[in-house]
Amino acid sequence: MAITLDWLGCATFRLTINDVVVFLDAFMDLPPGAPDTGMNTSKVDKADFIVVGHSHFDHLWGAERIARNTGATVIGSHESIRLMRDEEVPEEQCIAVAGGERIKLSDEVSVRVFPSQHSCIWARMSAPDEPCLGDMGLTLQERQANLAQRFARRDQPADEAQRAYRAQNRQRPRGEGGALAYLFETPEGSILYKDTSGHWTGIMRDLRPDVALLAAAGRGNIDGEPIQGSLAQFVAREVDLLRPRRVIISHHDDWNATGVDPERTFLPVQEELKRQHPRVELVKQTYQEHYPLLAGIR
């Protein structure tokens, strides 16, 4: 069975399993100044499924174009599917999930859906290798107030190109819409996909995937509370729960054209995994690498 993975920027991947093409998230039309990944939605000529982790624009935006152009089925939260229907994606191409579902992708491949958590975007953050403390036990109202202040500080006048870029997106999700994790089961092994730095411990520790695709961005969320530590330590904690043979991280590149160096996240994660889980292989993936995802796993 031929299984390859292409990273397409941010937390978006193309997973190809024999002749089945699955997009993991769909955000490929990056803003001006972002790295050229060599891919965008207009170049997608084949897709069978689009699996969406949550409803924020840097994950869902683009799914409507791929679905309309290829006939792909979109799998996502009820909020993601609401937005797809608003974008006139046909009902028969939409599958709304909340966790607990198992969906057949082919005669040999299925995907299981699990509830997940978004990163704590309302909490204080630091560099990926620097511990961050506090922000525990806040009410929803306090979290929303923190988030409003953060957006107010960020909402500075953008240049004309950025304004024009953002105006193209008509989707207005209600928060993240409920984050999800997906476990792909194949005869060659299992693959976990998460596009957020957050999890429910009781769910993660029982999954045991062969390969884990993990987001590395923001303040890690553990059972609804921000990690008391660094982002690198959060990724290592997820690896400790999952015990995969191989790990690939995402969401650490300069997808938002802010000048972020992906090494700033990758290297601390690499060092932390070497220290805590030296037998786990961390793959440094480049865009459109056609990486043989499960090669040598079994």
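The shown structure was predicted, so the numbers you read here are calculated from the model rather than taken from an experiment.

Colleague: Any chance you could explain the overall build of the protein chain here in plain terms?
Modeller: Of regular secondary structure, the protein chain possesses eight helices and 17 strands. The C-alpha atoms of the protein chain give 18 Å as radius of gyration, which agrees with the globular expectation for 298 residues (19 Å, within 12%). Each principal axis of the C-alpha atoms in the protein chain carries an extent, and together these give about 50 × 45 × 35 Å. Burial analysis of the protein chain (298 residues in total) assigns 54% to the buried set.

Colleague: Just checking my understanding: could you explain the pattern of salt bridges for this structure?
Modeller: Pairing between side chains of opposite charge can happen when their charged atoms approach one another. Counted under the stated rule, the structure contains 20 salt bridges. Taking the shortest distance from any N to any O, the salt bridge between glutamate 79 and arginine 174 comes out at 3.1 Å. Of the two residues, glutamate 79 is situated in helix 3 (residues 78-86) and arginine 174 in the loop between helix 5 (160-167) and strand 9 (180-186); the sequence distance between them amounts to 95 residues. Overall, the relative accessible area of 58% leaves arginine 174 in the exposed class. Of the charged contacts in the structure, one is a salt bridge between aspartate 135 and arginine 219, with a shortest N-O distance of 3.3 Å. Pair noted here: aspartate 135 is in the loop between strand 8 (110-115) and helix 4 (140-154) and arginine 219 is in the loop between strand 12 (211-215) and strand 13 (221-222), with a separation of 84 residues, a long-range link. By relative accessible area, which is 13% here, aspartate 135 ends up buried. Residue classification places arginine 219 among the buried residues on the basis of a relative accessible area of 3%. One network of salt bridges, with partners in common, ties together Glu79, Arg82, Asp86 and Arg174.

Colleague: What is the right way to look at the nonpolar core in this model?
Modeller: Nonpolar side chains tend toward joint burial in soluble globular proteins. Judged by nonpolar contacts, the single largest core of 32 residues is most densely connected at Leu15, Leu24, Tyr182, Phe184 and Leu293. If you list the elements that add at least two residues to this core, you get strand 1 (3-7), strand 2 (13-17), strand 3 (20-24), strand 4 (49-51), strand 8, strand 9, strand 10 (189-194) and strand 12. When residues no more than four places from it in sequence are discounted, the contact partners of leucine 15 are Ile3, Thr4, Leu5, Val20, Val21, Val22, Leu24, Phe184, Ile191 and Leu293.

Colleague: What is the right way to look at empty space enclosed by the protein in this model?
Modeller: To find leftover empty space, one rolls a probe the size of a water molecule over the atoms. Summed over all chains, the structure comprises two cavities of 30 Å³ or more. Reported here for the largest cavity is a volume of approximately 60 Å³. Within the lining of the largest cavity, the residues separate by chemical class into five nonpolar, five polar and two charged. Space inside the second largest cavity adds up to approximately 30 Å³. Contributing to the lining of the second largest cavity are Pro115, Ser116, Ala181, Lys194, His199, Trp200, Ile203, Met204 and Leu207. For the lining of the second largest cavity, the residue count by class is six nonpolar, two polar and one charged.

Colleague: Explain the environment of isoleucine 227 to me, please; I cannot follow it from the model alone.
Modeller: Inspection of the secondary structure assignment puts isoleucine 227 in the loop between strand 14 (225-226) and helix 7 (231-242). Between the alpha carbons of isoleucine 227 and aspartate 253 there is a distance of 22 Å; along the sequence they are 26 residues apart. In contact with isoleucine 227, other than residues within four places in its own chain, are Cys132, Arg219, Gly220, Ile222, Gln233 and Phe234.

Colleague: Teacher, can you tell me more about the layout of surface pockets here?
Modeller: Of the voids in this model, the second largest pocket is the one considered here, and its volume is about 160 Å³. For the second largest pocket, the lining is made up of 13 residues, of which Trp7, His252, Pro262, Lys284 and Gln285 are closest to its centre. Of all the elements in the fold, those that place two or more residues in the lining of the second largest pocket are strand 15 (246-250) and helix 8 (263-276). For the lining of the second largest pocket, the class distribution of residues is seven nonpolar, three polar and three charged.

Colleague: Just checking my understanding: could you explain helix 2 (residues 63-70) for this structure?
Modeller: Along an α-helix, residues three or four positions apart point the same way, because every turn accommodates 3.6 residues. Those residues of helix 2 lying buried are Ala63, Glu64, Ile66 and Ala67. Looking straight down helix 2, one finds its buried side chains confined to an arc of 165°; they lie on one side. In the core, the buried residues of helix 2 are packed alongside strand 3, strand 4, helix 1 (57-60), strand 5 (73-76) and helix 3.

What counts and how
Residues numbered from 1 in each chain as written. Predicted model: local features only at pLDDT ≥ 70, side-chain atom pairs only at ≥ 80, totals over all residues. Heavy atoms only, no water. Helix = DSSP H or I, 4+ residues; strand = E, 2+ residues; numbered from the N terminus. Rg over C-alpha atoms; globule rule 2.2 N^0.38 Å. Buried < 20%, exposed > 50% of the residue type's maximum accessible area, 1.4 Å probe, protein only. Salt bridge = Lys/Arg side-chain N within 4 Å of Asp/Glu carboxyl O. Core = buried A, V, L, I, M, F, W, Y, C linked by side-chain atoms within 4.5 Å. Contact = heavy atoms within 4.5 Å. 1 Å grid on protein atoms, 1.4 Å probe; cavity = no way out; pocket = protein on both sides within 12 Å on 5 of 7 lines; lining within 4 Å. Points joined across faces, edges and corners; volume = space filled by probe spheres on them. Nonpolar A, V, L, I, M, F, W, Y, C, P; charged D, E, K, R; others polar. Arc of directions from axis to C-beta.

Scope: geometric values only; no functional claims are made or implied.
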